[in-house]
Amino acid sequence: MQSTAANGISPGQTDRTLRLFDPDGGGPAVLRRIRLLAAGWRLSVSGALLMEEWRDLVQAALRERYGGNERTAEKIAAEATRLFRYLGARGAASWPEVTEQLVAEWCWAPRPDRWGRLQDPAQTTARNRQWAALAVFEEAKGLGAPIDPEELVGERIKRRGAGIPTRPLTDEEATSVEVHADRGLPGSRRCLLVAFSFAGGTATEVAGVRMGDVDLQAGMVAFDGPSARTNPLGGWAAEAVDCFVRTHRPIPPEQLLCVSGRTDEFQAAHSVTVRLGEVLADAGIAGRAGVTARSIRLTTAVRVLQESCIEAAARFLGSRSLDAAADALGHDWRHGDVG
């Protein structure tokens, strides 16, 4: 005899409901949304309250909502999984048992770092978790779950206070970074990270550079992604890349140069940022005001700005906003020479 859940809906009935929506199915976005709503309606009218019965449907709705941005979709899906798991572990198995206090505790819950040590989250991290929780609850409500997202999330966590903005490196600091990039090991992979960063790449873009993206004869590197562009390698950067290629050849065109192909995008970008920070530390400038890993790419962008215009600097950085590029470089472009 089939068992019945506490809310009156049987596991078999839940399975049939979820099978009505195929999250991997094709068709227009409108049709997929209609299927989602239909599945949610069936759960709602059946009186389903257990979050376990809504979880897969909510995750599918989140994928539809953020499907246009793969990185955001992956991040929100991971946070949603952690939220459901945390609430379940705290005894909140159904929607009526979820409280604002539990959600707040999840936002500020410590997590293990890369070495397994529990660390309290930064304010920005807690704020991002709260944003993810709101997205989960909004999608659940939109599908028919009996909840109030605003009430569950409560007062918004404020942005952290404005700190010292990241600045470009001085000529002396840039030279020190070049000197300490290889740790005395010519042809090191760490030199590539610095070279491609000086060439304007973000951590994600640097991690994604393959041998086929580099044109040593022309002294250029192509960055893939939403801000795809081809940037010049400066004198030191070109020499560093050439040294690496000569030391490790032959390198197939499809091989990633800076990270392992087994590393996912988020871990790869984090690894690049960490290792660039190590270079700054070895160069003795990591603790200086406004110096971060991002300072390296801004350094060459300033030179592009000085030699050309803010539009060229924005293209170099892959920025679609002149305001954002100008702010990053400390330039008032409205009163400068705009070409």
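Because the structure is a prediction, the values reported are computed rather than measured.

### Quick look at the confidence of the model for the chain
- In the predicted model, the chain carries a mean pLDDT of 83, and the fraction of residues at 70 or more is 85%.
- When the elements of the chain are averaged for pLDDT, helix α1 (residues 11-19) gives the smallest value, 41, and strand β4 (residues 220-223) the largest, 97.
- A low-confidence stretch, residues 1-26 (pLDDT under 50), is modelled with 40 contacts involving residues beyond four sequence positions or located in other chains.
- Confidence drops under a pLDDT of 50 for residues 335-339, and excluding neighbours within four residues, the segment shows seven contacts in the predicted structure.

### Digging into the nonpolar core
- Val-177, Phe-196, Val-214, Val-221, Val-241, Leu-257 and Cys-258 are the most contacted members of the largest nonpolar core, which has 40 residues in total.
- Listed by contribution, the elements that provide at least two residues to this core are α8 (171-180), α9 (189-198), α10 (203-207), β4, α11 (235-248) and α12 (265-282).
- Tallying contributions element by element places α9 first for this core, with seven residues.
- In this view, Leu-257 contacts Arg-189, Leu-192, Phe-196, Val-209, Arg-210, Met-211, Val-214, Phe-244 and Ile-251; residues no more than four positions away in its chain are not counted.
- Of all hydrophobic cores here, the second largest spans 39 residues; its members include Ala-48, Val-98, Ala-140 and Leu-143.

### Let's talk about the pattern of salt bridges
- Here the structure, examined in full by the defined rule, presents 12 salt bridges.
- Put simply, Glu-138 and Arg-65 hold a salt bridge, and the shortest N to O gap is 3.0 Å. Highlighted residues: Glu-138 in helix α6 (residues 123-142) and Arg-65 in helix α3 (residues 51-65), separated in sequence by 73 residues.
- A residue is classified by how much of its surface remains accessible, and Glu-138, at 31% relative accessible area, is partly exposed.
- With a closest N to O distance of 2.9 Å, Glu-150 and Arg-156 form a salt bridge.
- With a relative accessible area of 38%, Arg-156 lands in the partly exposed category.

Criteria and cut-off values
- Residues numbered from 1 in each chain as written.
- Predicted model: local features only at pLDDT ≥ 70, side-chain atom pairs only at ≥ 80, totals over all residues.
- Heavy atoms only, no water.
- pLDDT = per-residue confidence, 0-100.
- Helix = DSSP H or I, 4+ residues; strand = E, 2+ residues; numbered from the N terminus.
- Contact = heavy atoms within 4.5 Å.
- Core = buried A, V, L, I, M, F, W, Y, C linked by side-chain atoms within 4.5 Å.
- Buried < 20%, exposed > 50% of the residue type's maximum accessible area, 1.4 Å probe, protein only.
- Salt bridge = Lys/Arg side-chain N within 4 Å of Asp/Glu carboxyl O.

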